[in-house]
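Chain residues, written in single-letter form:
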Amino acid sequence: MENIISVQKITPVAHPILDSIKKRWSPRAFAQTPITENQLHIILEAGRWAPSASNIQPWRVLWGLKGTEMYDRIFNCLDDFNQSWAGNAQMLWINAFKKTMEKNEKENFHALHDLGLFMGNVIHQANSMGIAVHQMAGVKFKQALSEFKFSEDYHVATAVAFGYFGGDPDDLNEDLKKQELKQLRERKEQSTFAFNGNFENKK
Ligand SMILES: Cc1cc2nc3c(=O)[nH]c(=O)nc-3n(C[C@H](O)[C@H](O)[C@H](O)COP(=O)(O)O)c2cc1C
């Protein structure tokens, strides 16, 4: 049986919140347990039911399971930094969105927002199954657009690494291992982003 290594994180919440939100974090080392196609479809189904502006559902996902050509094609589109750790993942995604509305060619200004909502559902469904999620902005976007034959109407936004919690931090280089083992998670205070009045003079 695989040795499960548990990295302990401290999340100093200022108010009581859902345990599932408190416990979520983004590892770079993952357990070696494979993710199955059935599990993938459960995760996608959670995303499918996310809200979106005018119910346009602008998100698009390309997926690959470890050991397949699709996984390798996605991996090759990651930037060098993310390639240094994302090979630990059991599943990789490229996330894109449709830039225009369904019924006309007008810009869908909320498409990126809605892809984020989709990913919120995905993360919490995956976490409930013991599967960790690490999103990545570090993608070679132009390469991904041409590699996967997207038309001009689509924007590649992110890549995502998935794998079971319980990875071995020794799978990472020294710098990333240090980050993985850092216990205290940090966030800005609410007063820096929420205002009961004008936004004037706020940085
Ligand atoms: C849209 C987005 C892009 C990100 N890009 C990267 C990335 O390219 N590489 C990386 O290692 N982490 C990336 N992250 C992970 C963030 O650094 C991480 O979520 C943040 O530090 C908070 O840590 P936590 O998720 O463990 O709470 C990204 C996260 C998001 C949401």
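To be clear, the structure that these remarks concern was listed above.
Residues numbered from 1 in each chain as written. Predicted model: local features only at pLDDT ≥ 70, side-chain atom pairs only at ≥ 80, totals over all residues. Heavy atoms only, no water.

Draft legend 1. View of the site of the ligand. In the region of the ligand, 14 residues are neighbours, and Ser26, Arg28, His134, Ala137 and Arg185 sit closest. In this structure, an oxygen atom belonging to the ligand sits 2.5 Å away from a side-chain N or O atom of serine 26. When the ligand is considered free in solution it has 620 Å² of accessible area, and contact with the protein chains removes 63% of it. For the shell around the ligand, the secondary-structure elements that each account for two or more residues are helix H4 (80–83) and strand E3 (131–136). Ranked by the residues each element gives to the shell around the ligand, the list is headed by E3, at three residues. (Near = heavy atom within 4 Å. Polar contact = N/O pair within 3.5 Å; in protein donor to acceptor, adjacent residues only side chain to side chain. Areas by Shrake-Rupley, 256 points an atom, 1.4 Å probe, with all protein chains shown as cover. Helix = DSSP H or I, 4+ residues; strand = E, 2+ residues; numbered from the N terminus.)

Draft legend 2. Quick peek at the side chain of serine 52. Relative to the helices and strands, serine 52 resides in the loop between helix H2 (37–48) and strand E1 (59–65). Overall, serine 52 belongs to the buried group, its relative accessible area being 15%. When neighbours within four sequence positions are excluded, serine 52 is seen to be in contact with Gln57, Pro58, Trp59 and Asp114. (Buried < 20%, exposed > 50% of the residue type's maximum accessible area, 1.4 Å probe, protein only. Contact = heavy atoms within 4.5 Å.)

Draft legend 3. Local environment of the environment of glutamate 189. For glutamate 189, the location among the structural elements is in the segment after helix H7 (174–181). Through-space distance from the C-alpha of glutamate 189 to that of alanine 14 is 8.7 Å; in sequence the pair is 175 residues apart.

Draft legend 4. Structural view of the pattern of salt bridges. For the structure on display, the rule yields six salt bridges. The salt bridge partner of aspartate 19 is lysine 23, with a shortest N-O separation of 3.1 Å. Taken as a pair, aspartate 19 and lysine 23 lie in helix H1 (residues 19–23) at a separation of four residues, close to a single helical turn. According to the relative accessible area criterion, aspartate 19 is partly exposed, its value standing at 43%. Across the salt bridge formed by glutamate 186 and lysine 182, the nearest N and O atoms sit 2.9 Å from each other. According to the relative accessible area criterion, lysine 182 is partly exposed, its value standing at 44%. (Salt bridge = Lys/Arg side-chain N within 4 Å of Asp/Glu carboxyl O.)

Draft legend 5. Main features of the nonpolar core. Ranked by size, the top nonpolar core spans 25 residues in total, and within it Trp85, Leu92, Ile94, Met136, Val156 and Ala161 carry the most contacts. Taken together, the elements giving at least two residues each to this core come down to helix H3 (69–76), strand E2 (91–98), E3 and strand E4 (154–164). With four residues, E4 is the single largest residue contributor to this core. Setting aside anything within four residues of it in sequence, one finds tryptophan 85 in contact with Pro27, Arg28, Phe30, His134, Met136, Ala161, Leu172 and Leu176. (Core = buried A, V, L, I, M, F, W, Y, C linked by side-chain atoms within 4.5 Å.)

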